[in-house]
Amino acid sequence: MEESSAGAPDSSTQDDVPRLAVKDVNVLLEKERSEGISSPSRGGDDDDSTLLNPATHSSILDDNTKSDSAHSEGRSKSSGICFSDGKSRIDYILVYRKSSSLSEKREVFERNIRAEGLQMEKEASLTNSDVIFLKLHAPWDVLCRYAELMNIRMPFRRKIFYKHRRHKFMSRMEKRVNKFRGWLPRKPMKFDNNTLPDLEENESFTAPFSRSRIHHFIIHNKDTFFNNATRSRIVHHILQRVKYEEGKNKMGLNRLLSNNSYEAAFPLHEGSYHSKNSIRTHGAENHRHLLYECWAWWGVWYKYQPLDLIRRYFGEKIGLYFAWLGWYTGMLFPAALVGLLVFVYGIFTLDHCQVSKEICQATDVIMCPICDQYCPYLRLSDSCIYAKVTHLFDNGATVFFAVFMAVWATVFLEFWKRRRAVLAYDWDLIDWEEDEDEIRPQFEAKYSKKERMNPISGKPEPYQAFTDKYSRLVVSTSGIFFMILVVIAAVFGIVIYRVITVSTFAAFGWALIRNNSQVATTGTAVCINFCIIMLLNVLYEKVALLLTNLEQPRTESEWENSFTLKMFLFQFVNLNSSTFYIAFFLGRFTGRPGAYLRLINRWKLEECHPSGCLIDLCMQMGIIMVLKQTWNNFMELGYPLIQNWWTRRRLRREHGPNAKASFPQWERDYNLQPMNAYGLFDEYLEMILQFGFTTIFVAAFPLAPLLALLNNIIEIRLDAYKFVTQWRRPLPSQAKDIGIWYGILEGIGILSVITNAFVIAVTSDFIPRLVYAYKYGPCAGQGRAGQGCMMGYVNASLSVFRVSDFEKRSQPRTNGSELFGEAVTYCRYRDYREPPDSAEPYSYTLQFWHVLAARLAFIIVFEHMVFAIKTLIAYLIPDLPKDLRDRMRREKYLIQEMMYEAELERLQKEKNAKKKKVRAHNKEWP
């Protein structure tokens, strides 16, 4: 077993450090020069190229490994990741324009940056002399000071490996098994250990950095002790707390970016992601190149993701997103396999389905027209193909699959919590707590006149009155409901389109459209609905932004959570409203022939196909899911690709074909696209909406998990390619979970149980067939329900209507003689009603009430059973794996022991030094 590095040291070993004191604006220029313009720290070695050399495989370099420093410095300088001296590594880039009118604030800001100890260097752009790049470098003493303030955990002792004692027989058996494994091919999904570098953070115990205990930490080389992501995070932390103007809250880089004092701010990529040499023969030139070859390249789509490298380069927040996406994709494999088996089961049982046989053989059964006037009478056998397709999705395995997916969603979330705990332990996030968020500038500006003491910090801060806060919440909630009404209005428009178009297609000149008017109506309505969805999504983003700003959230995290909830709610309702209509309302409230219910007393509501409504729901889900995922993938990768291509084309036209290759790294990164303003919001939202499609109506479309799996395999590499090659490097940031998205996933899991229960009971014909088999069919009273018990089901599920009872506006223009040889006097329709010659014509039969009672009973039993199973599974699966809990306890114990031993060793050295000093003093005086 290998001990991992996430245990927390004893609280007594942590020093109390003061919070960052912000420098005053009026700093003396002489003092700035004496403190800020110091000699550059020795950071010129290209530590990544040495780090990734297969010959070394070490993330902490010894001082003796600098023999090739001149070569690495030259390469660093030429690649544009260092100052002009070739030694001081660039930790952060600020970009501004000389023509900007806000130069005074910028100059004050830069003077205070130097006062904090950061070194800077300016350089004009090679493509635009108005653009200035401000390069920042943090020397060793600045890094140490702020690493202590920020409680950054650093390695201080290597892991301890230990093995349990085993019996000799077990050892011999293990040797034989390993010998047998040597004959088998290697696991193709894992990377070769010689390709990936060893990461020191994952091989050592860590503790919060302390300058007073610096001798405890493993520091072989000061240039590589803090990796590039940590250095960028420290510099960003400083920039967020430096003043740019006299005043209590006039500080921070974000405010300068918002008022356009600076045009951009970003950490540098670590060089090019391309190389002429193979990674297997020459090693990776930098971590960006390594990530491209092992992660973003399409040739490794079947490989596991190198999560530790992703975390090292992009930070824990982005690493957690890709860990969650990989976990979700891996969990889709069993769901996709079971869904495919359900579909295959429907194919193999198609020839034995009694209902499909009866529909295909019902050439003498005449169905009533499905629309007013233009729709003709139809033979029931004309819907044979639709009945067979319906059986592929609505068969005996559908209920099992619905239960399986409800359980799958719970297992997925519970095991993700365990996986997240393991990652949080390996990445030193167990004891990490997010710093108290800064107050948003907009909140300060609005409520700066009224202040109260913060109970945590004890400092005065702007205060929002209770009445003001909740009045804004009421207005925002009203706006949310109004936008939901807009979605319902859009669905209402689609319903009217379907009602009108079905009659138009029924009178169409093209026979293919005329004979399949209902399918053509459904297909075109879905495509139009998709276009409306995409247009409304643009509107919803602006409305959600407006409503969130109207609420005036106090901190950035509150703003982000509020905006996330609104955007999810808007897009979820927008995407699924039409699906809910088709699943639960289409064909349910149409009335009957001769007494149709009408929309605005004009349009007859749309009926289901003679083979049922499930085929419409399948088409809706299939088309929306495929189009939505295709569009999202194009916008995610295609849009940045086109923008970057246009930029490269412009540079080639202005500066020659090889101009980009001669640009320094900061120039090349500046020409890339910035990460979107909402961070990972769009990526999470896309996957969460897909999760809803995969679970909420999965009983009607068992192939949804398979489509999601195929999309996600592409999605992982698309996102990886985008992050590595098309976007500027985002600021590495920490996070210990996926935030509010986990609660949304749990809510979708609960909703999926309810919707699948209603889909099976209301939309599909599962319950009517069950009632017929046990109560009305040939096997009634025998306690069995096979295919032989379904004989006569189709006839029992159709009611009889007398054509002379049609309303005048519903009367068909033809009497059916051209199709059937004589005028039609009676037709059939899907319902359980008495015949026209009975004592109570067209009233509901007893079978209708039996089916309705069975549907309600099934919904209640299904929901309670599935919720009980979900609760039991959630209770039985602990959030922390047992081995992880043991490792955490053992590591905490070992850290305390190590700290104690190191302190004793230091005291012993001091004692020995004192003794030597006393002895030397005694020798001087006889």
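Rules and cut-offs
Residues numbered from 1 in each chain as written. Predicted model: local features only at pLDDT ≥ 70, side-chain atom pairs only at ≥ 80, totals over all residues. Heavy atoms only, no water. Helix = DSSP H or I, 4+ residues; strand = E, 2+ residues; numbered from the N terminus. Buried < 20%, exposed > 50% of the residue type's maximum accessible area, 1.4 Å probe, protein only. Contact = heavy atoms within 4.5 Å. Areas by Shrake-Rupley, 256 points an atom, 1.4 Å probe, with all protein chains shown as cover. Phe/Tyr/Trp six-rings, centres within 6.5 Å; stacked < 30°, edge-to-face > 60°. Lys NZ or Arg CZ within 6 Å of the ring centre and 35° of its normal. Patch = residues over 30% accessible without salt bridge, like charges linked within 9 Å, V, L, I, M, F, W, Y side chains within 5 Å. Salt bridge = Lys/Arg side-chain N within 4 Å of Asp/Glu carboxyl O. Lys, Arg positive; Asp, Glu negative; His and termini not counted. Charge placed at Lys NZ, Arg CZ, Asp CG, Glu CD. Core = buried A, V, L, I, M, F, W, Y, C linked by side-chain atoms within 4.5 Å.

### Some remarks on the overall build of the chain
Counting its secondary structure elements, the chain contains 32 helices and 16 strands. The buried share of the chain, reckoned over its 926 residues, is 52%. Restricting the contact set of the chain to residue pairs at least 6 apart, pairs at least 24 apart contribute 79%. For the chain, the accessible surface area stands at approximately 44700 Å², while carbon and sulfur atoms represent 58% of it.

### Some remarks on the packing of aromatic side chains
A full pass over the atoms with the stated rule returns 53 aromatic pairs. Ring geometry for Phe 209 and Phe 217: centres 5.2 Å apart, planes at 40 degrees, overall tilted. Grouping residues by exposure puts Phe 209 and Phe 217 together as buried. Arg 729 extends its terminal NZ or CZ atom over the ring of Tyr 313, reaching a point 3.9 Å from the ring centre. Its guanidinium or amino end placed over the ring of Tyr 844, Arg 833 lies 4.2 Å from that ring's centre, counting from NZ or CZ.

### Examining a positive patch on the surface
Among the surface-exposed residues, Lys 911, Lys 915, Lys 916 and Arg 919 lie close enough to one another that they form a single positively charged patch. Tracing the chain through its elements places Lys 911 in helix α32 (residues 882-924).

### Details of the nonpolar core
The biggest cluster of nonpolar side chains holds 152 residues, and the ones touching the most others in it are Trp 295, Phe 314, Trp 324, Tyr 328, Trp 408 and Phe 862. Broken down by element, this core gets its largest block of residues, 15 residues, from helix α13 (residues 316-348). Setting aside chain neighbours within four positions, we find Tyr 328 in contact with Trp 408, Phe 412, Met 687, Gln 690, Phe 691, Thr 694, Ala 708 and Asn 712. If you look at the next biggest cluster of nonpolar residues, it comprises 40 residues, including Leu 94, Met 120, Phe 156 and Ile 234.

### Topic: unusual backbone geometry
At Asp 428, a position not held by glycine, the phi torsion is positive, near 60 degrees. The residue Asp 428 is located in the loop between α16 (398-426) and α17 (441-447) in this model. Under the relative-accessibility criterion, Asp 428 is labelled buried at 9%. Of note, Gln 552 is a non-glycine position whose phi angle comes to about 55 degrees, a positive value. Here Gln 552 shows up in the loop between α20 (517-551) and α21 (556-584).

### Structural notes on the pattern of salt bridges
Taken as a whole and judged by the stated rule, the model has 25 salt bridges. Put simply, Arg 802 and Asp 805 hold a salt bridge, and the shortest N to O gap is 3.5 Å. With a relative accessible area of 28%, Asp 805 lands in the partly exposed category. For Lys 882, the salt bridge identified is with Asp 886, shortest N-O distance 3.1 Å. Here Lys 882 and its partner Asp 886 are both found in helix α32, four residues apart, which amounts to about one turn of the helix.

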